[in-house]
Amino acid sequence: QVQLVESGGGLVQAGGSLRLSCAASGSIFSINAMGWYRQAPGKQRELVAAFTSGGIIKYADSVKGRFTIFRDNAKNTVYLQMNSLKPEDTAVYFCNLDNWAVDYWGQGTQVTVSS
């Protein structure tokens, strides 16, 4: 069993920054990938950024150059630094862990960017 807890969301003006955190705990063994997704009202959940098992970082085209994913392995925590935020970044952001056989999800943290 794995638990993921997100934090760091909030309300920010366009052009501002936020940093999201995802703390993982439980029986974590072999990890295929870990990263962030987001879901805006009325839209499907989409990949934002993720670490893959090959050490490659994947970003959505819409956030390249603005968002950075990084991690602290000792703390089992992954972060998403979001800069130059735009109103279209408004969404609930979810942490995801792909444990090969099972996908684990956090409860989500709301990010709202005002114009």
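Everything quoted here is computed from the prediction, not taken from an experiment.

Caption draft 1: Representation of unusual backbone geometry within the structure. In this structure, Asn 76 is a non-glycine residue whose phi angle is positive, near 50 degrees. Since its relative accessible area comes to 42%, Asn 76 is described here as partly exposed. One non-glycine residue, Ser 84, adopts positive backbone phi at about 50 degrees. Here Ser 84 shows up in the loop between strand S8 (77-82) and strand S9 (91-98).

Caption draft 2: View of the pairing of strand S11 (residues 109-114). Of the two faces of S11, only the one carrying Thr 109, Val 111 and Val 113 is buried; Gln 110, Thr 112 and Ser 114 on the other face are not. Alignment of strand S2 (residues 10-13) against S11, held across four bridges, turns out to be parallel. For Gly 10, the partnering residue across the bridge sits in S11 and is Val 111. Note that S9 and S11 share three bridges and pair antiparallel. What sits directly across from Val 92, in S11, is Gln 110.

Caption draft 3: Structural view of the nonpolar core. Counting residues in hydrophobic clusters, the biggest one holds 28 residues, and the most contacted among them are Leu 4, Trp 36, Leu 80, Met 82 and Tyr 93. Elements with a contribution of two residues or more to this core: strand S1 (2-7), strand S3 (18-26), strand S4 (33-39), strand S5 (46-52), strand S7 (67-72), S8, S9 and S11.

Caption draft 4: Layout of the side chain of Arg 66. Tracing the chain through its elements places Arg 66 in the loop between strand S6 (57-59) and S7. By relative accessible area, Arg 66 is classed as buried at 11%. There is a polar contact of 3.0 Å between the side chain of Arg 66 and the backbone oxygen of Ser 84. Looking at Arg 66, its side chain comes within polar contact range of the side chain of Asp 89, at 2.8 Å.

Caption draft 5: Representation of the packing of aromatic side chains in the model. Applying the stated rule across the entire model yields two aromatic pairs. Ring centres of Tyr 37 and Trp 105 lie 5.0 Å apart, and the angle between their planes is 70 degrees; on these two criteria the pair is classed as edge-to-face. Separated by 68 residues along the polypeptide, Tyr 37 in strand S4 and Trp 105 in strand S10 (residues 103-105) bring together distant segments of the chain. On the accessibility criterion, Trp 105 (33% relative accessible area) is partly exposed. With a centroid separation of 4.9 Å and an interplanar angle of 15 degrees, the aromatic rings of Phe 70 and Tyr 79 are classed as stacked. Above the ring of Trp 105, the side-chain terminus of Arg 45 is found at 4.7 Å from the ring centroid. The ring of Phe 51 has Arg 71 lying over it, and the distance from NZ or CZ to the ring centre is 4.3 Å.

The rules behind these values
Residues numbered from 1 in each chain as written. Predicted model: local features only at pLDDT ≥ 70, side-chain atom pairs only at ≥ 80, totals over all residues. Heavy atoms only, no water. Buried < 20%, exposed > 50% of the residue type's maximum accessible area, 1.4 Å probe, protein only. Helix = DSSP H or I, 4+ residues; strand = E, 2+ residues; numbered from the N terminus. Pairing = 2+ DSSP bridges. Core = buried A, V, L, I, M, F, W, Y, C linked by side-chain atoms within 4.5 Å. Polar contact = N/O pair within 3.5 Å; in protein donor to acceptor, adjacent residues only side chain to side chain. Phe/Tyr/Trp six-rings, centres within 6.5 Å; stacked < 30°, edge-to-face > 60°. Lys NZ or Arg CZ within 6 Å of the ring centre and 35° of its normal.

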